[in-house]
Amino acid sequence: MHVPCNGINIGLDSSHGEINFLSHAHSDHTNGLRRLEQIISTNETIELAALKAKSTTHPSTKMIDAGHILGARQLVIEGDGVKTIYTGDFCTKPTIFGFKADLPQCDHLIMEATYGDPAYVMPPIEEVHDQIGKWLSSNPSSNLLFGCYELGKAQEVIKILNEFGVAPAVTEKTDRFCSVYEKYGLPLERVVVGSDEGEEVMSRPFAAIVPMSKAKRYFAARMAEAFQRKTLCAVVTGWALHYRFNTDNAFALSDHADFNDLVYFIEQSGAKKIDFFCGDGSKVLKAVKNEAILNS
Ligand SMILES: [Zn+2]
């Protein structure tokens, strides 16, 4: 996707512009940007995505906070008399690291609508933290596996576990992402599976962060056999609000705007034109109380 501005095209999580913006480091957004020498992005995003590109700027654009994960930004594009905002993935409620999206005003909004259904209104983050704490304290002699995306969500879960005094075991891939968080001032206590420290921690009941694909009862059963210890598994994802997972528990923690956040984001933006690049925004638009949009 790209937008025209002052005679050039600006690529949005795409390499199809004369200059290109990468909103954040999740792999579904970095496609095509790996070969570029320069991109509009943060150093955090470039390091998390392990890109060769250098961070650049353009006088018609400005990056503003997107929440979501370390380094994530929205792009403000001003030119030809129009102010456009591209949100990338965003979250308006503060995460455990304090990341949260700015609420800009604009003429044209290009936004995600991952949770564009009224069924997706997330519980308060404190409630989910308490649920995780209770699961830890009620299973002191079991291994507990937390299935989540290895970039972003994993670091949030590690931080939550750290607040309960637990340093979880993580894969090398998750550990690499954690190292970038630490470089930018966000310490995360964890041990790496296969290291001496990891072996020591896993000789007793432990917590571990596993990829979503491993958060299944059959995998927990294999771990139970290997460690000769009861092993339970959970997923940590906003989709847990409605999808059933083959796990012992599920925590609805999301780093995306939920349905109400999407509606509010549009209302306060004052945008007259709205495009969605991810998910179906039709129910969000129906819920918006903004005459300018309703009449357009
Ligand atoms: Zn994302």
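Residues numbered from 1 in each chain as written. Predicted model: local features only at pLDDT ≥ 70, side-chain atom pairs only at ≥ 80, totals over all residues. Heavy atoms only, no water.

Would you take a moment to explain the coordination of the zinc ion for this structure?
Put simply, the ideal angle at a metal is 109.5 degrees for four donors in tetrahedral geometry and 90 or 180 degrees for six donors in octahedral geometry. Only His 24 (NE2), His 26 (ND1), His 68 (NE2) and Asp 89 (OD) from the protein coordinate the zinc ion, and they sit 2.2 to 2.3 Å from it. Metal-centred angles of 92 to 160° between the four donor atoms at the zinc ion mark the site as irregular. (Donors = N, O, S within 2.8 Å, 3.2 Å for Na, K, Ca; no water. Tetrahedral: all angles 85-135°; square planar, octahedral: opposite > 155°, others 65-115°.)

Where do I start with the pattern of salt bridges in this structure?
Pairs can form between side chains of opposite charge once their charged atoms are near each other. Tallying each qualifying case throughout the model produces 11 salt bridges. Put simply, Lys 93 and Asp 261 hold a salt bridge, and the shortest N to O gap is 3.0 Å. Separated by 168 residues along the polypeptide, Lys 93 in the loop between β8 (82–86) and β9 (108–112) and Asp 261 in helix α8 (residues 259–269) bring together distant segments of the chain. Residue class for Lys 93 comes out partly exposed when judged on its relative accessible area of 40%. (Salt bridge = Lys/Arg side-chain N within 4 Å of Asp/Glu carboxyl O. Helix = DSSP H or I, 4+ residues; strand = E, 2+ residues; numbered from the N terminus. Buried < 20%, exposed > 50% of the residue type's maximum accessible area, 1.4 Å probe, protein only.)

Please explain α8 as it appears in this structure.
Residues that lie three or four places apart on an α-helix share one face, since the helix turns once every 3.6 residues. The buried count for α8 comes to eight of 11 residues, which makes it a mostly enclosed element. Of all the positions in α8, only Phe 259, Asp 261, Leu 262, Val 263, Phe 265, Ile 266, Gln 268 and Ser 269 are classed as buried. The N-cap of α8, judged by a side-chain oxygen 3.2 Å from the amide nitrogen of Asn 260 a few residues on, is Asp 258. Residue Gly 270 follows α8 closely and has a positive phi angle near 70°. (Polar contact = N/O pair within 3.5 Å; in protein donor to acceptor, adjacent residues only side chain to side chain.)

I tried to follow the sheet that holds strand β2 (residues 8–12) on my own but got confused; where do I start?
Strand order in the open sheet formed by three strands is β1-β2-β3, with mixed pairing between adjacent strands. At either margin of the open sheet sits one strand with a lone partner, and together these are β1 (2–5) and β3 (19–21). Averaged over neighbouring strand pairs, the angle between their axes works out to 30° when direction is ignored. Inspection of the sheet shows β2 paired to β3 by three bridges, in the parallel sense. Note that in β3 the partner of Gly 11 across the bridge is Asn 20. (Pairing = 2+ DSSP bridges. Axes fitted to C-alpha atoms, helices over the stretch in contact; angles between N-to-C directions.)

Sorry, what's going on with unusual backbone geometry here?
Most peptide bonds are trans, and most residues other than glycine sit at a negative phi. Positive phi, close to 50°, is recorded for Asp 13, a residue that is not glycine. The topology assignment puts Asp 13 in the loop between β2 and β3. Not every positive phi belongs to a glycine, and Gln 228 is a case in point at roughly 50°. Topologically, Gln 228 is positioned in the loop between α7 (217–227) and β14 (231–236).

I would appreciate a short explanation of the packing of helix α4 (residues 153–163) against helix α5 (residues 172–183) in the present structure.
When two helices pack together, their arrangement is given by the angle between the helix axes and by the axis-to-axis distance. Following both chains from N to C, one finds α4 and α5 inclined at 75°, their axes separated by 10 Å at the closest point. Judged by the inter-axis angle, α4 sits roughly perpendicular to α5. On α5, the residues touching Ala 154, Gln 155 and Ile 158 of α4 are Thr 174, Phe 177, Cys 178 and Tyr 181. For the contact of α4 with α5, the class distribution of residues is five nonpolar, two polar and no charged. (Parallel < 35°, antiparallel > 145°, perpendicular 65-115°, else oblique. Contact = heavy atoms within 4.5 Å. Nonpolar A, V, L, I, M, F, W, Y, C, P; charged D, E, K, R; others polar.)

Just distances and angles here, no functional claims.
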